[in-house]
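# Structural description and commentary
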Amino acid sequence: MNVTLAVKQYVSKMIESSGPGMKVLLMDKETTSIVSVVYTQSEILQKEVYLFERIDSQNRENMKHLKAICFLRPTKENVEHLIQELRRPKYSVYFIYFSNVISKSEVKALAEADEQEVVAEVQEFYGDFIAVNPHLFSLNLQGVSRGRSWEPTLLTRTTQGLTSVLLALKKCPMIRYQLSSDMAKRLAESVKQIITKEYELFDFRKTEVPPLLLILDRSDDAITPLLNQWTYQAMVHEMLGLNNNRIDLSRVPGISKDLREVVLSADSDEFYANNMYLNFGEIGSNIKNLMEDFQKKKPKGQQKLESIADMKAFVDNYPQFKKMSGTVSKHVTVVGELSRLVSERQLMEVSEVEQELACQNDHSSAHQNVRRLLQNPRVSELDAVRLVMLYALRYERHSSSNLPGLMEDLNRKGVSERYRRMVHSMVEYGGKRVRGSDLITPTDAVAITKQFFKGLKGVENVYAQHQPLLHETLDQLIKGRLKDSQFPYLGPSTLRDRPQDIVVFIIGGATYEEALTVYTLNRTTPGVRIVLGGTTVHNTKRSEASTSLNLLYQLKNSDHSPLLCWIILLLNGMWAEPCN
């Protein structure tokens, strides 16, 4: 089960089906993102695709010498654009591929518009999702809820995206969902409805053990998205923002023009593929080793590489090295900026306390350490609020909880009211009253014993003590111990054997820490293959500010209370101003 390969094969089939000759790839906004994360422009150029255009572009020229490969989402807008295109075709022939199921009436409307008979093919290729990693996909959706219910149009889009993944992987699964979430149940029923309606599409070869779709809700584990991460991919997304594998480095001090936007893709970047799941210390060491290997080929008398700053200076001083090793210069720049932010924001100290809050049970020590960091002027407003959020979730019902005192500390620190109000909203969203699982304190004897021995053994890396709730959920699922009372099956059938192919989907977004959990389980559990997806991939502060503002505008013009607005924003990993 490899979602990257599935989308890549679809794109390859589209191009190959059009035969030899020069081609234009005609896409919409979403399919442009879908293709760009699995294929580089240079790779597609090698397949005789020389032009990339948007279907909604008004300024396209007539180029009758080109064949048009259209890859579009089956929306009303795109169908209308295609109808107008076919009435006045700009290219010699059209190969049309929709990323999901299209209705017969819309196909008929296209046929009627094709008076010049330029359409050679119309097919459905189910690549209606962003393949982030081979085992991780996203729908890039924000604002999926109204309070604790679905935004209707986004329930439809989520259903389409999730069924597209199942069709791409050729899976007709049994479905389980998180009972404590009405949204999870609604999505499960919606997916099942599509499988029943389009039963011919889902008529795949039966396997001895049926595949399984498990639908979860982010509110069951609100802690994981709040923690700083220390593996390469997760750090980049948290601190710099990964948007369809691209990083905007334009605000980095002294950045060169050619590095203002860089791409991190495991398919086309061997160093990234080998290091994306390694911790920060190992990455720095591996870059240093690469550069030292190059230095050995240079004349004697070169400087030693003792720090990130030395590495950056070395790259700047040797333009020929930049030319030969653009990949290395890119990673030196990225790691250098990560290193600067870690130092500037005191993130190692902050992260240690975050891990203590998430994993330990010493209230007195945790309270003291949080207060100490809140008094540190170098700890940012955002990091201070995150610490208090974690404290509020962790010690929500502790007899000695001093949340009011910490809120006052935030006030004295100068943290704005809009950030302070998020703390209570987070408890409303992911607190004890809402959760269907034992996120904080285990209640069964096995879990208590496991936690006890973990405490005795200690942890090799204090910054990586935390394991997301998803790890325990999948472990129980694989062992056949996941409780039907908490995660019921949709329908009468149940799985008797250990599941082999598992698709997990998290409403409200997955995280790169959870993606690492899935990656590790895939490597260490023979016979089990897991793919993780979410409505989005979280970081604490979304890099796309415009998305937050658009959602905020919708909320301000809705009937939601200010508190409910916060919950909706938090559900989607956004930070913005309150509704009133």
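My aim in this report is to walk through the structure given alongside it, one point at a time. All chains use their own residue numbering, which begins from 1 and follows the written sequence. In keeping with the predicted nature of the model, local features appear solely for residues at pLDDT of at least 70, side-chain atom pairs appear and are counted solely at 80 or more, and the whole-chain, interface and lining totals rest on all residues. Values shown for side chains rest on all heavy atoms present in the structure; no hydrogens or waters enter the calculation.

### Examining the overall build of the protein
Secondary structure elements follow DSSP: runs of H or I no shorter than four residues count as helices, runs of E no shorter than two count as strands, and numbering proceeds from the N terminus. A count of helical and extended segments in the protein gives 23 helices and 15 strands. Only protein chains enter the accessibility calculation, which uses a 1.4 Å probe; a residue is then buried when its area is under 20% of its type maximum, exposed when over 50%, and partly exposed in between. With 580 residues in all, the protein has 54% of them scored as buried. Partitioning the intrachain contacts of the protein with sequence separation of at least 6 by distance along the chain shows that 79% fall at a separation of at least 24. Computed by Shrake-Rupley with a 1.4 Å probe, the accessible areas treat only the displayed protein chains as cover when residues are assessed. Carbon and sulfur atoms make up 48% of the accessible area of the protein, which totals about 26,900 Å². Here a residue-residue contact requires only that any non-hydrogen atoms of the pair lie within 4.5 Å.

### Quick look at helix 17 (residues 403-413)
Buried within helix 17 we find Leu403, Gly405, Leu406, Met407, Asp409 and Leu410. The inward-facing, buried residues of helix 17 abut helix 15 (363-374), helix 16 (381-394) and helix 18 (417-430). One or two residues past the end of helix 17 sits Gly414, with phi positive at roughly 95°.

### Quick word on the sheet that holds strand 4 (residues 93-98)
Strand pairing in a sheet is mediated by backbone hydrogen bonds. Such pairs are either parallel or antiparallel. Taken in spatial order, the five strands of this open sheet run 2-1-3-4-5, and their pairing is parallel. The sheet is open, and its two edges are formed by strand 2 (49-54) and strand 5 (119-124), each paired on a single side. Neighbour to neighbour, the strand axes of the sheet diverge by 15° on average, direction disregarded. What makes two strands pair is DSSP finding at least two bridges between them. As judged from the six bridges shared by strand 3 (residues 67-72) and strand 4, these two strands associate in the parallel manner. Axis definition: a line fitted to C-alpha atoms, over the contacting stretch in the case of helices. Angles run 0 to 180 degrees between N-to-C directions.

### Things to note about the pattern of salt bridges
Criterion for a salt bridge: a side-chain nitrogen of Lys or Arg within 4 Å of a carboxyl oxygen of Asp or Glu. Enumeration over the complete set of coordinates arrives at 27 salt bridges. For Arg371, the salt bridge identified is with Asp409, shortest N-O distance 2.7 Å. On the criterion of sequence distance, the pair formed by Arg371 in helix 15 and Asp409 in helix 17 is long-range, its members being 38 residues apart. Among the charged side chains, a network of salt bridges with common partners joins Glu238, Arg345, Glu354, Asp383 and Arg386.

### Focus: a nonpolar patch on the surface
In this scheme, patches are assembled from residues that exceed 30% relative accessible area and form no salt bridge. Like charges are connected within 9 Å, while nonpolar side chains (Val, Leu, Ile, Met, Phe, Trp, Tyr) are connected within 5 Å. Together, Met22, Leu45 and Tyr50 give the surface a local cluster of nonpolar side chains, amounting to about 270 Å² of exposed area. By secondary structure assignment, the location of Leu45 is in helix 3 (residues 41-45). Note on Leu45: relative accessible area 33%, which makes it partly exposed.

### As for the packing of helix 4 (residues 76-87) against helix 5 (residues 104-113)
The N-to-C vectors of helix 4 and helix 5 enclose an angle of 15°; their axes lie 8 Å apart at closest approach. With respect to their mutual orientation, helix 4 and helix 5 come out roughly parallel. Classified by chirality, the crossing of helix 5 by helix 4 is right-handed. Taking contact as the criterion, the partners of Lys76, Val79, Leu82, Ile83, Leu86 and Arg87 in helix 4 are, on helix 5, Glu106, Ala109, Leu110 and Ala113. Across the contact of helix 4 with helix 5, the residue classes tally to seven nonpolar, no polar and three charged. By the definition adopted for this analysis, an angle is roughly parallel if under 35 degrees, roughly antiparallel if over 145, roughly perpendicular if from 65 to 115, and oblique otherwise. Note on convention: the crossing is left-handed when the near helix lies turned anticlockwise from the far helix by less than a right angle, right-handed when the turn is clockwise. Gly is put with the polar residues, along with every residue not named as nonpolar or charged; the nonpolar set is Ala, Val, Leu, Ile, Met, Phe, Trp, Tyr, Cys and Pro, and the charged set is Asp, Glu, Lys and Arg.

### Thoughts on the packing of aromatic side chains
When two rings of Phe, Tyr or Trp (its six-membered ring) have centres within 6.5 Å they constitute a pair, described as stacked for plane angles under 30 degrees, edge-to-face for angles over 60, and tilted for the intermediate range. Applying the stated criterion to the full structure yields 10 aromatic pairs. Arranged with centres 4.9 Å apart and planes meeting at 25°, the rings of Tyr97 and Phe125 form a pair that is stacked. Of this pair, Tyr97 sits in strand 4 while Phe125 is found in the loop between strand 5 and strand 6 (130-133), placing the two residues 28 residues apart along the sequence. Overall, the relative accessible area of 7% leaves Phe125 in the buried class. An angle of 65° between the planes, with centres 5.9 Å apart, marks the rings of Phe129 and Phe137 as edge-to-face. The residues Phe129 and Phe137 share a single accessibility class, namely buried. Three or more aromatic residues joined by ring pairs form one cluster here, namely Tyr10, Tyr97 and Phe125. Looking at Lys8, its charged tip hangs above the ring of Tyr39, at a distance of 5.1 Å from the centre. Counted as over-ring charges are cases with an Arg CZ or a Lys NZ within 6 Å of the ring centre that also lie within 35 degrees of the ring normal.

Interpretation in functional terms is not warranted from these geometric data alone.
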